[in-house]
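A look at the structure
If you want the building blocks of each chain, they are given just below.
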Amino acid sequence: MGTTFSFLQKKNSKKSIHERREATKRKHVRYMNKEMRRKIATDVLLSTTGSKLNDYRILKYYKEIRTQFLANLIQKRVNQMEIKKFDLLGSYGLEGSDEEIANFIELGQQTIDKNYADLVLDMNNCSRIWPSAITLLCSLLEWTEYNHKKCHCTTKPRISSSSPSDKLVDDYLEHCGFYQYVGRGFRRDIQTKYDSVVRIRRENDRDNQDERMIELFDLVKEYSNLNEEQIERFECYIMPDILLNVTEHGISCNDLGWWVLGQHHTKHQIISICVADNGIGIKNSLLTGPQKEEIQEMFEKNGTDDSFYIELACKESISGAHNASVAEKTIFSDRKYNFGVNRGHGLPLILSNCRDCGIKLSIFSHSSYIVYNSNGEIEKKGTCDSPLFAGTLYNLVIPARTS
Amino acid sequence: MRSVDIGNEFSKIIVNRANYQGNGRNTATEFRNQFLSELEDIRIWKTDDPVIELDFSSVRSISTSFANELFAYYLRYTTSKDRILRKIKLTNLSPLKKNMIEREIEKGYKYK
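A brief report on the enclosed structure follows.

Rules and cut-offs
Residues numbered from 1 in each chain as written. Chains lettered and ligands numbered in written order. Predicted model: local features only at pLDDT ≥ 70, side-chain atom pairs only at ≥ 80, totals over all residues. Heavy atoms only, no water. Phe/Tyr/Trp six-rings, centres within 6.5 Å; stacked < 30°, edge-to-face > 60°. Helix = DSSP H or I, 4+ residues; strand = E, 2+ residues; numbered from the N terminus. Buried < 20%, exposed > 50% of the residue type's maximum accessible area, 1.4 Å probe, protein only. Pairing = 2+ DSSP bridges. Axes fitted to C-alpha atoms, helices over the stretch in contact; angles between N-to-C directions.

**What about the packing of aromatic side chains?**
Applying the stated criterion across every chain yields a total of 17 aromatic pairs over all chains. Their ring planes at 85 degrees and their centres at 5.1 Å tell us that A:Phe104 and A:Phe364 sit as a pair that is edge-to-face. Taken as a pair, A:Phe104 in helix 4 (residues 98–111) and A:Phe364 in strand 10 (residues 360–366) lie far apart in primary sequence, 260 residues in all. When the centroid spacing of 5.1 Å and the interplanar angle of 90 degrees are considered together, the rings of B:Tyr73 and B:Tyr74 count as edge-to-face. Overall, the relative accessible area of 9% leaves B:Tyr73 in the buried class. The class for B:Tyr74 is buried, based on a relative accessible area of 0%.

The following block contains the structure:
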């Protein structure tokens, strides 16, 4: 079996389950809010009308209620604090076969939005992990950090993994920047050399947008099978709008992160490009935009599941991005927009240009996904009960030149 | 008539509409203020005389948002796409980029 590494190098606590329960209990006591205390005090007063109240009786009653509340809450948390081990067997990614795509969806469902105390990813028998799956794991890491900061009552799950026994897979995780991303403490020499890559790196603000865009442009220009006009389409219609989506629609006031991974796969003659964020997702973006009522009506008439929202955004010029009809601060953003701004995701143009260039486009956003083939037709779509991706992932599979 | 080499005098990547979009740099509003301020005078729009020439030879990427903000903006002074494109002469432009700019003017300015 491989050695266990800690992904999150910031804290190296090895508390037992009991110690963690006690810590959680103390946190809950601190955060029991004023409203609850006032309500309890009011209940006591109403139930003992006419009798003489004293501080001792009120305090005693309050402590009984509090103890009961905490016991229920802790029991609920204990039930959720399990150690989950997920075996990555085989191959994962949107770039591969139907089985690899199904494995990718399974990985998302099993790991995103789950309340584990510990999550162990056993990569010992992983035979291939495509860029899209690597992007998913990076999203998972950021998502747990974000939720830990947002919700003070949960402990941050520890995520660890075993190294793949397959040297090619291990080399690739080093080469593409994944190990550096997760904070693995040491580097090693890669035995297998890969072609050009745009290494994955978390961007904390919008500053590097142009630099990352140029890296992707150069990757595609160098290795793709696209003609000059198609390369221009990629550089003007496809990539700018995708990057503007993640840096604008995808970044909330709490999480400024987005990331990019690009890789030329010589053997498979493709270039895989992943652009992702941990934002509010396409559905929430549409339902908080200026056309939210119209979109809700459309869903009630024609929608069967949440992939409807992605499909709608790809078909019509629909505006999302918060509430653009008035200038206000929302929980999703601290930005203010002028009245009447029509600011859509640009997805119809992205999709039509992908079709013109023979590029396969997949969009995963929270619990829904759509995979468009290189002809722009829907190959797969669906919605799962639990989130597949913490924010939104755009994956492009571009045909590469034969070497 | 003035000439501006956009790629070398401004930026090779022109994708942001305004400072709230993308990285907020090299935006269309910034370009308008820096190079096209004279076009804010409504009297200029009474004739077809060209005012400025924009050279796209070094521009690598332009987005629809940028094109809309830069060119469709002037629909407040004229309803004629042709007049806008006569006032602002575009040179060394690929058919794809030219087509993008024309379509954005036809679609109308995105701000009401």
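**A closer look at the sheet that holds strand 5 (residues 88–91) of chain B**
All names here are of chain B. Judged by pairing direction, the sheet is parallel, and its three strands sit side by side in the order 1-3-5 without closing on themselves. Strands at the two margins of the open sheet, each flanked by one partner only, are strand 1 (2–5) and strand 5. Each strand of the sheet is rotated relative to its neighbour by a mean of 25 degrees, with strand direction disregarded. Pairing of strand 1 with strand 3 (residues 52–55), which is carried by four bridges, proceeds in the parallel orientation. The partner of Ser-3 across the bridge, within strand 3, is Glu-53.

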